[in-house]
Protein chains: 2
Amino acid sequence: MAEKVTAQMVAERAGVSQSAVSRVFTPGASVSARTEKKVREAASALGYRPNVLARAMVSGRSRMIGLVVAYLENQFYPEVLEKLSNALQAEGYHILVFMASQEAGTLDTVVEEILDYQVEGIVLASVSLSSDLASRCQAAGVPVVLFNRSQDIDGISAVTSDNFTGAFQVGQFLLAGEHERIAYLAGWEGASTQRDRQRGFVAALDVAGRRLHAWEDGRFEPSRTADAVRIMFDRSSRPDAVFVAGDQMALIAMDVLRHELGLSVPGDVSVVGFDDVPAASWLSYRLTTVRQQADLMVARCVSTLLRAIETPGAAPERHAIEAPLILRASARIPQGWTQ
Amino acid sequence: MAEKVTAQMVAERAGVSQSAVSRVFTPGASVSARTEKKVREAASALGYRPNVLARAMVSGRSRMIGLVVAYLENQFYPEVLEKLSNALQAEGYHILVFMASQEAGTLDTVVEEILDYQVEGIVLASVSLSSDLASRCQAAGVPVVLFNRSQDIDGISAVTSDNFTGAFQVGQFLLAGEHERIAYLAGWEGASTQRDRQRGFVAALDVAGRRLHAWEDGRFEPSRTADAVRIMFDRSSRPDAVFVAGDQMALIAMDVLRHELGLSVPGDVSVVGFDDVPAASWLSYRLTTVRQQADLMVARCVSTLLRAIETPGAAPERHAIEAPLILRASARIPQGWTQ
DNA sequence: CTGAAAGCGCTAACAA
DNA sequence: TTGTTAGCGCTTTCAG
């Protein structure tokens, strides 16, 4: 195993000082063309590359962003991770991943660990934050942005879809489709996304003087979801439409409805989801759903984060990205329904 | 934004030297109970936590593992990432993620970047390595382990499923099911996994004096896969069984077969996949497939990696994890077929 | 524009 | 068991 190549070694070979080497590899520094040339030659001859960690120590810039994720089973998150990583890589940052179990206590530990690595920022995907923890991050001067979750905590930015409006549209859509018994299959109640979707959906029914015909909680968990569907449809007047708070649950619901309960979707029941995960467009499902625009969300997340890093005093930003209804074949489409 | 709490500050408050503080936070160091108590009190009063980066600089242990992934769309990888991250977290390591595009050039850049962060090891999931790059890692003293890919490069460890045997079983299974026209839908030809699966499958047919009735290449890409299926079945004597090199492709194949070509699975065609992604067990598919045992693969990957980190001179390890055939409903099950 | 010098926060000998 | 002393590899004043 060869020796580690240091700036010092490059300096000696190039016949300059070690700081000259540093300057060559520091974007806005002043170096003469001659020095630069000598240094670059020596550097590539030796295979030198700056040590990010050493640089971080003195400059305080680790070029790392901590990402906390909980549910990678939900296809939406891998997609986000991929896009986020790419966007950040383009800006010279890299992602340090931390998996959080759903238990509350874990998150605190995890965030502490993240801080130990001197990350420049933290993205919390699908998890919420205690205000206590939030202030520890602030104390450490590390900006936090919540992704797909929002919270009214001082100084915490958040990027979500416009869950309320997205769900509101679904309500209108189902109403326009002349459904008689409209149900809602909820996600985990602790999630702000779930709450906003429920509120938006109920609000739309409300406007029409209508109420939920049935409500069950699937908690975003597969087996819990299947049970919820069974319960919801095991009654004399079963729903003729269900809005499901997430695609992962909606796909399971369709499967149970069709293959276990022998119902036709959308013949007997219309199903609408939320997220638009890749599987939603598979031919077996063709799920009508509300799309979370991952690209836009990620872009906003990155810009928010970078701004916070660059401008320490910056006010927190809250963004709600438009979430359009995507018409496919799992729900009856009202006559003349546009967009 | 509060000042950063250093070991020095803790030392002053506790009335001890800074190295005493360091020792308290270093597992096997010798400290008196009295000193430890004083330090811990001061530390928690101040909210002190050791700086991983500073520690890494002097000890050479960054507690970071670089992970390179290419296809997060394949559900198998998010699963692996989650398990890998959890296993590594349990050992005090964390994952620095790097996304690699499929282009060859990118990978080199990416691995260089990883090295800049002084990671202690690298896991390459579903990408191969140029021998040139491999030696750069060796030179840097950073062990590499390939995950779900294998290569005969000096000093590079690899963990895969036993793709050959897994695929071989599929061949036997389809043969026992008395299929007449057996086809193979390949993945990207550059992948060692794909090659081993094909070899294993063909070998099983060979033993019975049989040959592939049709062969197409889906490259592990959705649209390419759908086309491949159309081509494969648009002929007078269409296959009555297909082994597909990956579940992601197999699910698409089932959809095209059923919903576009109007064929019954397994009535008209038996379909068998490889991976056993979560969606394979969904009621709409019930895909018979070969399971990649992610838990075992990850555990092996971690132990291999840690051993290489601990024992710099260690010989590379190659592991092929058993991959059992999981019987579900997408392929005709031979009379009396066991296991 | 360039070099010398002073650390960033910590661990690891080395004495005491 | 403890404190003292060197640095790890780099950026960043500060003179020149």
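Residues numbered from 1 in each chain as written. Chains lettered and ligands numbered in written order. Predicted model: local features only at pLDDT ≥ 70, side-chain atom pairs only at ≥ 80, totals over all residues. Heavy atoms only, no water.

Labelled according to an unreviewed UniProt entry, chain A appears under the name LacI family DNA-binding transcriptional regulator, originating from Mangrovicoccus algicola.

A closer look at the interface of chain A and chain B
Counting residues at the interface gives 54 residues for chain A and 54 residues for chain B. At the junction of chain A and chain B, the tally comes to two salt bridges. Its salt-bridge partner being Arg-49 of chain A, residue Asp-116 of chain B comes within 2.6 Å of it at the nearest N-O pair. Secondary structure elements with two or more residues in the side of chain A that touches chain B: α4 (52-59), α5 (76-90), β2 (94-99), α6 (104-116), α7 (131-139) and α11 (247-260) of chain A. Among the residues forming the side of chain A that touches chain B, the class breakdown is 28 nonpolar, 15 polar and 11 charged. Across three bridges, the pairing between β2 of chain A and strand β2 (residues 94-99) of chain B is antiparallel. From the neighbouring strand, Val-97 of chain A faces β2 of chain B, where its bridge partner is Ile-95 of chain B. (Contact = heavy atoms within 4.5 Å. Salt bridge = Lys/Arg side-chain N within 4 Å of Asp/Glu carboxyl O. Helix = DSSP H or I, 4+ residues; strand = E, 2+ residues; numbered from the N terminus. Nonpolar A, V, L, I, M, F, W, Y, C, P; charged D, E, K, R; others polar. Pairing = 2+ DSSP bridges.)

Section: the nonpolar core
Ranked by internal contacts, the top residues of the largest apolar core, which has 209 residues, are Ile-122 of chain A together with Ile-122 of chain B. Those residues in contact with Ile-122 of chain B, other than ones at most four positions away along the chain, are Ile-65, Gly-66, Val-111, Ile-114, Leu-115, Cys-137, Val-142, Pro-143, Val-144, Val-145 and Leu-305 of chain B. In terms of nonpolar packing, the next biggest core, distinct from the first, is built from 12 residues, Val-10, Ala-14, Ala-43 and Tyr-48 of chain B among them. (Core = buried A, V, L, I, M, F, W, Y, C linked by side-chain atoms within 4.5 Å. Buried < 20%, exposed > 50% of the residue type's maximum accessible area, 1.4 Å probe, protein only.)

A look at the UniProt feature "domain: HTH lacI-type" (unreviewed entry) in chain A
The feature "domain: HTH lacI-type" (unreviewed entry), as given by UniProt, occupies residues 5-59 of chain A in the numbering adopted here. Split by type, residues 5-59 of chain A is 67% helix and 0% strand. Its first and last C-alpha atoms lie 20 Å apart. (UniProt positions renumbered as here; feature names shortened; annotations may be inferred.)

Notes on the relation of the copies chain A and chain B
Once chain A has been moved 0.1 Å along the axis and rotated by 180°, it coincides with chain B to within an RMSD of 0.1 Å. Expressed as a symmetry operation, the mapping of one chain copy onto the other fits a two-fold axis. Residue Leu-96 of chain A, judged by its C-alpha, is the member of chain A lying nearest the rotation axis, at 2.2 Å. A share of 100% of the interface residues of chain A reappears at the interface of chain B, consistent with the copies meeting face to face through the same patch. (Least-squares fit on C-alpha atoms with pLDDT ≥ 70 in both.)

Details of the pairing of β2 of chain A
Residue and element names in this part refer to chain A. Most of β2 is tucked away, with six of its six residues classed as buried. Burial along β2 is two-sided: His-94, Leu-96 and Phe-98 facing one way and Ile-95, Val-97 and Met-99 facing the other are all buried. Both strand β1 (residues 64-69) and β2 contribute to a ladder of six bridges, which runs parallel. Bridge assignment links Ile-65 to a residue of β2, and that residue is Ile-95. Crossover connection from β1 via α5 to parallel β2: handedness right-handed. (Right-handed = clockwise from strand over helix to strand, strands pointing away.)

Some remarks on the protein's contact with DNA strand C
Around DNA strand C, a shell composed of 24 residues is seen, among which Arg-23, Ser-32 and Thr-35 of chain A together with Ala-7 and Ser-22 of chain B lie nearest. The share of sugar and phosphate among atoms of DNA strand C within 4 Å of the protein is 61%. Contact distances for DNA strand C include 2.5 Å between a phosphate oxygen and a backbone N or O atom of Ala-7 of chain B. Residue assignment for the surface near DNA strand C shows that the elements contributing at least two residues are α2 (18-24) and α4 of chain A together with α2 (18-24) and α4 (52-59) of chain B. (Near = heavy atom within 4 Å. Polar contact = N/O pair within 3.5 Å; in protein donor to acceptor, adjacent residues only side chain to side chain.)

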